[in-house]
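# Tertiary structure, described
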Amino acid sequence: MTAEEALAHPWITGNCLGSRTTPIPVIRSLRHFRRTCGLQSEILRVLCECKFLNRDQERSVKETFKKFDKNGDGVVTVDELYEAMKEIDESATKEDAKSVIKAVDFNENDMLELDEFLGARICRKINLKEERLKKLFRCLDLDDSGNLNAKEIVAALESIRGSSMSLDEAAALINAVDKNNDGVVDYEEFLEMFDCSKLGVDPA
């Protein structure tokens, strides 16, 4: 089963939830989220630090994560996700769980951590309205050039997360999404990075 097929599974779409209280927005976030590149992951981590989600949204994500994290060790393994899925839909398979993790797992350690759950939810919230993406792009575009360069990426990470990144590392992140090879990320490339084909659908 592909990641796309797994994320369309009834357990993820909500068709098997019945009267359960599983938070639908979080489930939908897992369904629609796609890791596209390292730059996307870094920006989502910055937004997580900035409390981009409101209090209720963040609480819903954390409660869902806690429910899935059966042993409380701070990560959701394939087995734990599979167990949670089986509680709601007996037809769910371990392959379904593996495919969901593959689609959401930032650091590719084959487990889900809280920041990855939050990142998926943030990405969904951003995608619901393009104006949010425009605002985010403008905030990152410090020199108002209409493009994001390596210095601006470094500045964003240092100012919000306090983490250091070299210009070469930032340039490598940019290269992964720089379709026209001009060394910067323009707005269209930024939109593609966040997979904006789903803008405005399935309101949270």
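In case you missed it, the structure is sitting above this.
Conventions used here
- Residues numbered from 1 in each chain as written.
- Predicted model: local features only at pLDDT ≥ 70, side-chain atom pairs only at ≥ 80, totals over all residues.
- Heavy atoms only, no water.
- Salt bridge = Lys/Arg side-chain N within 4 Å of Asp/Glu carboxyl O.
- Buried < 20%, exposed > 50% of the residue type's maximum accessible area, 1.4 Å probe, protein only.
- Helix = DSSP H or I, 4+ residues; strand = E, 2+ residues; numbered from the N terminus.
- Core = buried A, V, L, I, M, F, W, Y, C linked by side-chain atoms within 4.5 Å.
- Contact = heavy atoms within 4.5 Å.
- Lys, Arg positive; Asp, Glu negative; His and termini not counted.
- Axes fitted to C-alpha atoms, helices over the stretch in contact; angles between N-to-C directions.
- Parallel < 35°, antiparallel > 145°, perpendicular 65-115°, else oblique.
- Left-handed = near helix turned anticlockwise from the far one by under 90°.
- Nonpolar A, V, L, I, M, F, W, Y, C, P; charged D, E, K, R; others polar.
- Phe/Tyr/Trp six-rings, centres within 6.5 Å; stacked < 30°, edge-to-face > 60°.
- Lys NZ or Arg CZ within 6 Å of the ring centre and 35° of its normal.

Scanning all chains against the criterion turns up nine salt bridges. For K51, the salt bridge identified is with E58, shortest N-O distance 3.3 Å. Here K51 falls in the exposed class, since its relative accessible area comes to 52%. A residue is classified by how much of its surface remains accessible, and E58, at 14% relative accessible area, is buried. With its nearest N and O atoms 2.6 Å apart, the salt bridge here joins D56 to R59. Highlighted residues: D56 and R59, both in helix α5 (residues 55-68), separated by three residues, approximately one helical turn. Taken together, the salt bridges that share partners define one network made up of E42, R45 and D115.

Residues L39, I43, F190 and F194 are the most contacted members of the largest nonpolar core, which totals 50 residues. It is helix α8 (residues 114-128) that provides the largest number of residues to this core, a total of six residues. Excluding its chain neighbours within four sequence positions, the residues that come into contact with F194 are Q40, I43, L44, C123, I126, N127, L133 and L136.

Below, the discussion takes up the side chain of D69. As for its position among the elements, D69 is in the loop between α5 and β1 (75-76). For the buried D69, no salt bridge is present, and the opposite-charge side chain at shortest range is K66, 9.4 Å distant. Residues contacting D69, with those up to four places away along its chain left out, are G74, V75, V76 and E80.

Despite not being glycine, E108 shows a phi value in the positive range, around 55°. Residue D110 is not a glycine yet carries a positive backbone phi of 65°. Relative to the helices and strands, D110 resides in the loop between α7 (94-104) and β2 (112-113).

The subject of this paragraph is the packing of α5 against α8. Where α5 contacts α8, the axes come no closer than 10 Å and their chain directions differ by 140°. Between α5 and α8, the angle falls in the class oblique. You can see that α5 and α8 cross each other, and the crossing is right-handed. Facing Q57, E58, V61, K62, T64, F65 and F68 of α5, the residues of α8 in contact are L114, F117, L118, R121 and K125. For the contact of α5 with α8, the per-class residue count stands at six nonpolar, two polar and four charged.

Let us look at the packing of aromatic side chains. Where two aromatic rings form a pair, the distance of their centres and the angle of their planes describe that pair. Tallying each qualifying case throughout the model produces five aromatic pairs. Through a chain of ring-to-ring contacts, the aromatic side chains of F137, Y187, F190 and F194 assemble into a single cluster. Positioned over the ring face of F52 is K125, at 5.1 Å from the centre of the ring.

Within the fold, V76 resides in strand β1. Every residue in contact with V76, bar those within four places of it in the chain, is listed here: F65, F68, D69, L81, I101, M111 and L112.

With that out of the way, let us pick up the packing of α8 against helix α9 (residues 130-140). Orientation of α8 relative to α9, taken along the N-to-C sense of each, is 105°, at an axis distance of 4 Å. Judged by the inter-axis angle, α8 sits roughly perpendicular to α9. Across the interface between the two elements, K125, I126, N127 and L128 from α8 touch E130, R132, L133 and L136 from α9. For the contact of α8 with α9, the per-class residue count stands at four nonpolar, one polar and three charged.

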